[in-house]
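Chain by chain, the residues run as shown.
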Amino acid sequence: MIFNLQAQTVLLLLRSFLSGCVLSAVYDIFTVMIGNTDTPRRLRKIILSVLLFVCDFCFCLLCGIVSLLLMYYSNGGFFRAIIFPVMLVGFISFRCSLGILWRKLLMLLKKAILKLLMLLSRPMIFIIKKLILLYHLTIHKILDKIKMRIESQKEKRALRSAQAEQTESSIQETEDFVHVGKSAGYRKTGRIKF
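One structure accompanies this document, and this report is about it. (Residues numbered from 1 in each chain as written. Predicted model: local features only at pLDDT ≥ 70, side-chain atom pairs only at ≥ 80, totals over all residues. Heavy atoms only, no water.)

**With respect to the overall build of the chain**
Helices and strands together make up the secondary structure of the chain, namely five helices and zero strands. Its helices and strands taken in sequence order, the chain reads α-α-α-α-α from the N to the C terminus. By sequence separation, contacts in the chain at least 24 residues apart represent 69% of the contacts at least 6 residues apart. When the accessible surface of the chain is totalled, it reaches about 16,000 Å², and 71% of it is carbon and sulfur. (Helix = DSSP H or I, 4+ residues; strand = E, 2+ residues; numbered from the N terminus. Contact = heavy atoms within 4.5 Å. Areas by Shrake-Rupley, 256 points an atom, 1.4 Å probe, with all protein chains shown as cover.)

See the structure below:
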């Protein structure tokens, strides 16, 4: 019975240590795949810091779930305080030893994935460039002609309204002249009174 209890304790410590190592590897995947945070653009820094915060939050949730599941399956749901320090030791030891090689491997994998994506996206970029060129050659010119026609119609309307105002003002001046002439003694015929 004592041997069985000691075996269970050793197994619990080993599981805790290995789960700490696995969590360290998962955390390295999060941080390496997010990318560089030393970019010169301020907005990109903000976006990356928010993304890093979200990934850290998800990582903490993952750690909590793993710890609770480890306690449930290893101890039948009983809480043992030794689980968390041993997980922390596993996390730190993996990060300081195999984690260095793991991060280098992840960086190589990330570069390979980015190169593959660039290779696969080149045809799409080519097609998009050709579509933009087609737009500029056809639709853009048509839209420019429509804009020019609308502007010329506006100019014609403005010219017509200016001519109408000028005609109206000349009619008003003529009426004023006739009115002034009546008060000065002109007859309806337009002759001067003697």
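So much for the structure itself; the text now carries on.
**Side note on a positive patch on the surface**
On the surface, a cluster of positive charge is made up of K141, K145, R149, K154, K156, R157 and R160. Relative to the helices and strands, K156 resides in helix α5 (residues 139–183). (Patch = residues over 30% accessible without salt bridge, like charges linked within 9 Å, V, L, I, M, F, W, Y side chains within 5 Å. Salt bridge = Lys/Arg side-chain N within 4 Å of Asp/Glu carboxyl O. Lys, Arg positive; Asp, Glu negative; His and termini not counted. Charge placed at Lys NZ, Arg CZ, Asp CG, Glu CD.)

**Brief notes about helix α3 (residues 83–96)**
For α3, which comprises 14 residues, the first-to-last C-alpha distance of 20 Å matches the rise-based estimate of 20 Å (1.5 Å per residue) to within 8%. Where α3 is concerned, the buried positions are I83, V86, M87, G90, F91 and F94. Projected onto a plane normal to the axis of α3, the buried residues spread over an arc of 145° and lie on a single side. Turned more than 90 degrees off the buried face of α3, the exposed positions are L88 and C96. (Expected span 1.5 Å × (residues − 1). Buried < 20%, exposed > 50% of the residue type's maximum accessible area, 1.4 Å probe, protein only. Arc of directions from axis to C-beta.)

**Some details on the nonpolar core**
Residues L12, L23, Y27, F59, C63, L70, M71, I83, M87 and F91 constitute the largest nonpolar core, which totals 10 residues. Elements represented by at least two residues in this core include exactly α1 (2–34), α2 (42–75) and α3. For this core, the leading source of residues is α2, giving four residues. If sequence neighbours within four positions are ignored, F59 has contacts with L23, V26, Y27, F30 and F91. (Core = buried A, V, L, I, M, F, W, Y, C linked by side-chain atoms within 4.5 Å.)

**Focus: the pattern of salt bridges**
Enumeration over the complete set of coordinates arrives at two salt bridges. With its nearest N and O atoms 2.2 Å apart, the salt bridge here joins R95 to D28. Of this pair, R95 sits in helix α3 while D28 sits in helix α1, placing them 67 residues apart in sequence. For D28, the salt bridge goes to R103, with nearest N and O atoms at 3.3 Å. Separated by 75 residues along the polypeptide, D28 in helix α1 and R103 in helix α4 (residues 98–137) bring together distant segments of the chain.

Any functional reading would require information that these geometric values do not contain.
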